[in-house]
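# Observations on the model geometry
Residue-level listing of the chains:
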Amino acid sequence: MQVEINISKKLKEFTLQAELVLQDGVLGLMGSSGSGKSMLLKCLAGIETPDSGRIVLNGRVLFDSAAKINLPPQQRRVGYLFQSYALFPNMSVAENIMCGPRAKGLAKEHCLAIVTAMMNKFQLQGLAARYPRQLSGGQKQRAALARLMAVEPEVILLDEPFSALDTQLKDKLQEQLQQLLAEYGGISVLVSHDRQEIERLSDKVLFIHQGILSEEGATC
Amino acid sequence: MMLDLSPVWISLQTAAATMAIVFFAGILTAWWVVSRKREATKIIADGVLTVPLVLPPTVAGFFLLYLFGNNRILGRFFLDNFGIQIAFSWLATVLAAAVIAFPLMYRSARGAFEQVDVELLQAGRTLGMSECSIFWRVLLPNALPGIVSGGVLSFARGLGEFGATAMIAGNIAGKTRTLPLAVYSSVAAGEMDTACGYVVIILAVCLVMVVGMNWYLYRCKKQQEG
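Residues numbered from 1 in each chain as written. Chains lettered and ligands numbered in written order. Predicted model: local features only at pLDDT ≥ 70, side-chain atom pairs only at ≥ 80, totals over all residues. Heavy atoms only, no water.

The next thing to look at is unusual backbone geometry. Residues and elements named next belong to chain A. The phi dihedral of Lys 68 falls on the positive side, at around 55°, and the residue is not glycine. Residue classification places Lys 68 among the exposed positions, given a relative accessible area of 77%. Despite not being glycine, Gln 210 has its phi angle at roughly 50°, a positive value. As for its position among the elements, Gln 210 is in the loop between β10 (204-209) and β11 (212-214). (Buried < 20%, exposed > 50% of the residue type's maximum accessible area, 1.4 Å probe, protein only. Helix = DSSP H or I, 4+ residues; strand = E, 2+ residues; numbered from the N terminus.)

Written as structure tokens, this is what we have:
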């Protein structure tokens, strides 16, 4: 498993320039707010379009400005955990998780089996019929992760996954996430401004400042 | 005195047909405008689509007459090809009301769509959902309160349309005389009691609709919080 990224995108105050190769394991991407870290994830997921460059995932070209290739997010198989979790408020937890498998056109029984498996894996038993507004912060995060894993993404992007949570909760949830990422074993990128969080969860750390990546970071 | 109730039925039918047309047209147009990438396209399209709301209805009626009059280009087309006469028929009351009410529906739907968190749509895309299913299963349900109020407003507007209707549909008793036209005709004929009867009916219907809409919106809000 490998992602090759070489992109640039002009933002308001600086230009995001990223050249890196991701391999199995968790990459921690650390930077202050407005450093371009979320933008980098969005470019990977296909939500934003870089001005130029190339993104290749396991030999599949996701984006290539020279060849005018820009796969829509639907075809990228990149899982994205939004900072706000972005659970669909009009759907129950089970329906939320069902969205991905259903979009693949799988048979209903197959979809239901995936939903059940994900509910169990993320300890959401008993919450199937609940709506996102009836969940605690931690439950929301697990529901969003379950929804994301149900589509079997080739890369997982985590955008400030703990910023919406209370401090007491964080510790336990970080432990859970660490386990999950280890179990998953594929490529994941964790973006955060919290050094402790990054150090705890990541196998490798990169720093980003004004759109430029580096191995050594200024203390934030 | 027996109040001639034909204007009530004509108006209710006109308003219902107007809402049915405008509801879908407004939603689809709003979706089209919201998904444009270029700001200039949005601004210009929005301007063109909103103009009927700010034009004097008689001016809108003038344009309709210009296009749909029995000897004008579109009027001729419908008459020759389908044998349908639009001007000065019940269809003209619907056409006039639809043109005037459309911007209300379109703007309500657009506002409602824009209030839906973009991250929900982006999440849908990363989950592999098609744009079409994101529209039906994510965008539309989460924009529903605003869309329903747009529908109610366009029904009420269809009920109250006067200027454009008078221009293209005329004021034919039992055929194109809607409630607002009946009020006008009664007053013009010095029949204040009859006018008063119509006024009470239209006031009651509009009030019930708008209060009902507010109650529905209040319930939606409660549900979201609860």
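All right, on to the interface of chain A and chain B then. Counting residues at the interface gives 23 residues for chain A and 21 residues for chain B. For the pair chain A and chain B, the summed buried surface comes to about 1,800 Å²; carbon and sulfur atoms form 60% of the total. It is Gln 74, Phe 88 and Arg 133 of chain A that lose the most area in chain A upon contact with chain B, and together they represent 29% of the buried surface on that side. Summed over the shared surface of chain A and chain B, the result is 0 salt bridges. On the surface where chain A and chain B come into contact, there are 7 residue pairs in polar contact (both at pLDDT 80 or more). Looking at the side of chain A that touches chain B residue by residue, the classes come out as 15 nonpolar, 4 polar and 4 charged. (Contact = heavy atoms within 4.5 Å. Buried area = accessible area lost by both parts, 1.4 Å probe. Salt bridge = Lys/Arg side-chain N within 4 Å of Asp/Glu carboxyl O. Polar contact = N/O pair within 3.5 Å; in protein donor to acceptor, adjacent residues only side chain to side chain. Nonpolar A, V, L, I, M, F, W, Y, C, P; charged D, E, K, R; others polar.)

Now for the domain arrangement of chain A. Residues and elements named next belong to chain A. Domain annotation of chain A identifies domain 1 (1-77 + 155-220) and domain 2 (90-152). In this structure, domain 1 and domain 2 have C-alpha centres spaced 24 Å apart. Tallying the contact residues gives 13 residues for domain 1 and 12 residues for domain 2. Of the roughly 890 Å² buried at the junction of domain 1 and domain 2 (both faces included), carbon and sulfur atoms supply 63%. Of all residues in domain 1, Arg 77, Gln 176 and Leu 180 bury the most surface against domain 2, accounting for 41% of the area lost on that side. Summed over the shared surface of domain 1 and domain 2, the result is 1 salt bridge. Across the pair Lys 121 and Glu 183 runs a salt bridge, and its minimum N-O distance is 3.7 Å. For the pair domain 1 and domain 2, the interface holds 2 residue pairs in polar contact (both at pLDDT 80 or more). Broken down by secondary-structure element, the contributors of at least two residues to the side of domain 1 that touches domain 2 are β8 (155-159) and α5 (167-184). For the side of domain 1 that touches domain 2, the element with the highest residue contribution is α5, accounting for 7 residues. Across the side of domain 1 that touches domain 2, the residue classes tally to 10 nonpolar, 1 polar and 2 charged. (Domains from an automatic or database assignment.)

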